[in-house]
Structures are given as structure tokens and as C-alpha cells.
Amino acid sequence: MSDVNSAPIIGITIGNPAGIGPEIVLRSVAGLKGELDMRPILIGDLAFLSEQNDLLKTGLKLVPHASASIDPDFIEVVDLGNLGRTFEIGEESEISGRASGEYIERAVELWREGTIDAIATAPISKRSLAMGGYDFPGHTEFLAALTGTDRFAMSFFAEKLRVVLISAHVSLIEAIGLITHDRLLDLIRFTDVSLSALLSRPVRLAVAGLNPHASEDGMFGTEEASVILPAIEEAVKEGIDASGPFSPDTIFLRGFRGEFDGVIACYHDQATIAVKSLSFGSAVNVTLGLPLIRTSVDHGTAFDIAGKGIAEHSSMTAAIKLAADLVQIGRSNQE
């Protein structure tokens, strides 16, 4: 790290402690230490993290969070002290679910206080979160509720590919029904504003078709002509640089190569199959529309390998790096 007092401060939640979150957070911070102009602050249970840190032999020196600047040789932990030995690694539980929810709540509090500049989150278990008393399907909706955000969207960043989803965790039949002119036009507008703000420049957007080959002039469906194209044309009339609908089997690769700044996907797996095929392990989940910068991994808790010391941490590393980069971009835009 260079100047620890001016570097972006990234709050990193450890996710569900029974999953791979603590491991990938500790390994990522150890790998980034001294290489990135940022200051990480972990949000979790200090005693538990210290125990995991010793097992992993990362070499990190974990200390309680201090309000003043601290020696960069130490990694601060905002200690919630909310874990005992009554939960099992690799298993769903009320204790681990409640703890993961409390880490998210504390991270937002730290952001409101001005203690941190952005949040990078390790994976949580939706089932454990519910067992712990939280009625949210995931991070995105939880953070939206905590920040009073009505309009938000899930997106994935994979190098130059940035994909925004019109719907997320719903059945495919329901997802297709959600593709309407008004919803798509609203998402194009929202994506234009949100990505432009994050990247501090105008953006060029592409819209994927729903059907094979974007229906090939009506041969394989009518949604492109009746719904998607009219929404794009209206957005263009408003001055938005948007085009499509493009064949979904090639548009994501074109975005990955930098031809577009963002690609709007018609349903969840249309986006994530492309993202994970092109950049599995290094893609980052970014919630658009929040008043704060939030990044996360592109995978889940992986309970089956939790506690074994074999989890791949590259996506967590990428999430932390991107959070710091977006803070710096925002600061540059304000100068």
C-alpha cells in the first residue's frame, strides 16, 4: 500500500462463516497486501477469523479495528463477536445465517459513518440467512432495503464485459414473461445512468435478443420485433447509445472484447453462462443503483469444500480490486 490515509477503504464482509467466505477473504487480503493502493477492513468475528487465519498460515496480523489510521502491516477487523462453537463448518445453521446478516448490516453502518468507502462481500447462504431471521433472497435485496433503494439491478463485471440482468432469481417461464417494453426501456435508461456514473463517462450499450439468433427476422419468435426493438428505438430517441437486439450467442463475446460498455441480458442464465464461461473465478457481481459501491464474488458458499483450505479465491480478489478501482474512478470524477 502507498499512503494508507488516502487509499480507498474497503469493508469486506466474511459472508456465511460456515462456508468458504472466511478462507477466500483471508487469502485474498494476504495476496493483495502491499500490492494494491487500498486499505481493507474485515467485518466478522475476530476470534474466529484469527483461528482460521492460523490454520491457513496466511501470515496476516489481525487486530481490532481502530478509528485512527493504523500500521499497514496489520489488518483490522470490525469484531462483532457473534460466533461461538455451536455451528458446524460446511452446514446450514441459524447461528451462521444470523451472523452473516449482522455483518452486512454493520458494513452499511460503517459506510454511513464514513468509515469505509465501499463494500466487498463474501458469499452468503440464502437458506441460512432465512434461518437466522432475515427475509431476503440475497445480498442485493438486503442491501437495497438497508439503504432505502427502490431501483436496483444485478450486474456482472468480467474484465471489459459488463452484463446487466432484466430479472434474476425467477423461473425461466417467469423471466420470459417479465420481458416487456416498459421494463426493458426502464432498464436501458437505468443502465445508461448507472454505468455512466460508475465509469465516469458515457457508455455504449447492447441488448441481447431472447430467441436463438435474436429470432432471425421472426423465424424463431416475435419478441425481438414486438418488444425488444421498440424499446431500444425509444431509448435511442432519448439520446441513449443503445443498439440491438443482437444474437445472444455472440453479443457477450463482443462485449468481452470491448465493443460495448454494457450488455443487457434477457434472463439470469443467459448472462451468467456467458460471464462464467469467459471469466470464471475472476468475474465480479456488482449491484447497480445503490448509493454505495458494492461488489461480490460470482459464486456461492461452497459448503462442500468449506474448511478444507482448497477454495479458489480469485473472484474475491477481483471483487476487492474492483471496489477500490470504482472508488478511485469516483474520486477522479469529483476533482
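Think of each chain on its own: its residues are numbered from 1, step by step along the sequence as written. Per-residue local features are limited, in this predicted model, to residues with pLDDT of at least 70; the limit for side-chain atom pairs, both in listing and counting, is 80 or more; totals at the level of whole chains, interfaces and linings are taken over all residues. Where side-chain values are given, they derive from all heavy atoms of the structure, hydrogens and water being excluded.

1. A look at the sheet that holds strand β1 (residues 9-13)
Argument step 1. Overall, mixed pairing links the 12 strands, which are arranged β3-β4-β2-β1-β5-β12-β11-β6-β7-β10-β8-β9 in an open sheet. Of all strands in the sheet, those with a lone pairing partner are β3 (62-64) and β9 (242-246), marking the two edges. Averaged over all pairs of adjacent strands, the angle between their axes in this sheet comes to 30°, without regard to strand direction.
Argument step 2. When DSSP finds two or more bridges between two strands, those strands count as paired. Secondary structure elements are taken from DSSP: a helix is a run of H or I of four residues or more, a strand is a run of E of two residues or more, and numbering for both begins at the N terminus. Across 4 bridges, the pairing between strand β5 (residues 118-121) and strand β12 (residues 293-296) is parallel. Paired with I119 across the strands is R294, a residue of β12.
Argument step 3. Where helix α3 (residues 94-113) meets the sheet, it contacts β1, β2 (39-44), β4 (75-79) and β5, and its direction lies at approximately 140° from that of β2.
Argument step 4. Against the sheet, helix α7 (residues 181-199) contacts β6 (153-158), β7 (161-165), β8 (205-208), β9, β10 (262-265), β11 (284-288) and β12, and its axis sits at roughly 145° relative to β8. Working convention: axes come from line fits to C-alpha atoms, limited for helices to the stretch in contact. Angles between N-to-C directions cover 0 to 180 degrees. We call two residues in contact when some of their heavy atoms are within 4.5 Å.

2. Points about the pattern of salt bridges
Argument step 1. When a carboxyl oxygen of Asp or Glu is within 4 Å of a side-chain nitrogen of Lys or Arg, the pair counts as a salt bridge. Tallied over the full model, the rule gives 10 salt bridges.
Argument step 2. A salt bridge links R98 to E94, with the nearest nitrogen and oxygen atoms 3.2 Å apart. A residue pair is termed a helical-turn pair when its members lie 3 or 4 positions apart in one helix, as R98 and E94 do in helix α3 at 4 residues.
Argument step 3. For R98, a relative accessible area of 30% translates into the label partly exposed. Here's how the labels work: a residue is buried when its accessible area is under 20% of the maximum for its type, exposed when over 50%, partly exposed in between, all with a 1.4 Å probe on protein chains only.

3. Thoughts on the side chain of S128
Argument step 1. Mapped onto the fold, S128 is located in helix α4 (residues 126-131).
Argument step 2. Once you skip the residues sitting within four places of it in the chain, S128 turns out to touch N16, E92, S93, S96, G97, R98 and F303.

4. Side note on the packing of helix α1 (residues 21-32) against helix α2 (residues 46-56)
Argument step 1. Remark: α1 packs on α2, axes separated minimally by 10 Å, with the N-to-C direction vectors making an angle of 65°. On the basis of the axis angle, α1 is roughly perpendicular to α2. In terms of crossing hand, the pair formed by α1 and α2 is right-handed. Residue-level contacts link P22, E23, L26 and R27 of α1 to F48, L49, Q52, N53 and L56 of α2.
Argument step 2. Among the residues making up the contact of α1 with α2, the classes are represented as 5 nonpolar, 2 polar and 2 charged. Relative orientations are named as follows: roughly parallel for angles under 35 degrees, roughly antiparallel for angles over 145 degrees, roughly perpendicular for angles from 65 to 115 degrees, and oblique for any other angle. Each crossing is labelled by how the near helix is turned from the far one, with a counterclockwise turn of less than a right angle marking it left-handed and a clockwise turn marking it right-handed. Residues are grouped as follows: Ala, Val, Leu, Ile, Met, Phe, Trp, Tyr, Cys and Pro are nonpolar; Asp, Glu, Lys and Arg are charged; all remaining types, including Gly, are polar.

5. Comments concerning the pairing of β12
Argument step 1. In β12, alternate side chains face the same way, and those of I293 and T295 on one face and R294 and S296 on the other are all buried.
Argument step 2. The sheet contact formed by β11 and β12 spans 2 bridges and is antiparallel. Residue pairing for β12: V286 is matched across the bridge by T295.
Argument step 3. The antiparallel hairpin formed by β11 and β12 contains 4 residues in its connecting segment, where G289 sits at a positive phi of about 100°.

6. A few points about the packing of α7 against helix α8 (residues 223-237)
Argument step 1. Viewed as axis vectors pointing N to C, α7 and α8 meet at an angle of 40°, and their least axial separation amounts to 9 Å. Here α7 is positioned oblique relative to α8, judged by the angle of their axes. Here α7 and α8 pass one another in a crossing that is right-handed. Between α7, through H181, L184, L185, I188 and R189, and α8, the contact on the second element is made entirely by V227, I228, P230, A231, I232, E234 and A235.

7. Topic: the nonpolar core
Argument step 1. Joining through side-chain atoms within 4.5 Å is the link that ties buried Ala, Val, Leu, Ile, Met, Phe, Trp, Tyr and Cys residues into a set, and such a set is a nonpolar core. I10, I12, L42, L62, I188 and M316 are the most contacted members of the largest nonpolar core, which totals 88 residues.
Argument step 2. Looking at this core, the element that brings in the most residues is helix α11 (residues 314-334), giving 9 residues.
Argument step 3. Excluding residues that lie within four positions of it along the chain, I188 makes contacts with L205, V207, A231, I232, A235, I240, A242 and I264.
Argument step 4. Formed by 19 residues, the second largest nonpolar core is a distinct cluster that contains A158, V163, A208 and F260.

8. A closer look at the environment of L80
Argument step 1. Positionally, L80 belongs in the loop between β4 and α3.
Argument step 2. On the basis of relative accessible area, L80 is assigned to the partly exposed category, the value being 26%.
Argument step 3. A C-alpha to C-alpha distance of 18 Å links L80 and L146, two positions 66 residues apart in sequence.

9. Description of unusual backbone geometry
Argument step 1. Put simply, G244 and P245 share a cis peptide bond, and its omega is -5°.
Argument step 2. Relative to the elements of secondary structure, P245 occurs in strand β9.
Argument step 3. Positive phi, normally seen in glycine, also occurs at S200, with a value near 60°.
Argument step 4. With respect to the secondary-structure elements, S200 resides in the loop between α7 and β8.

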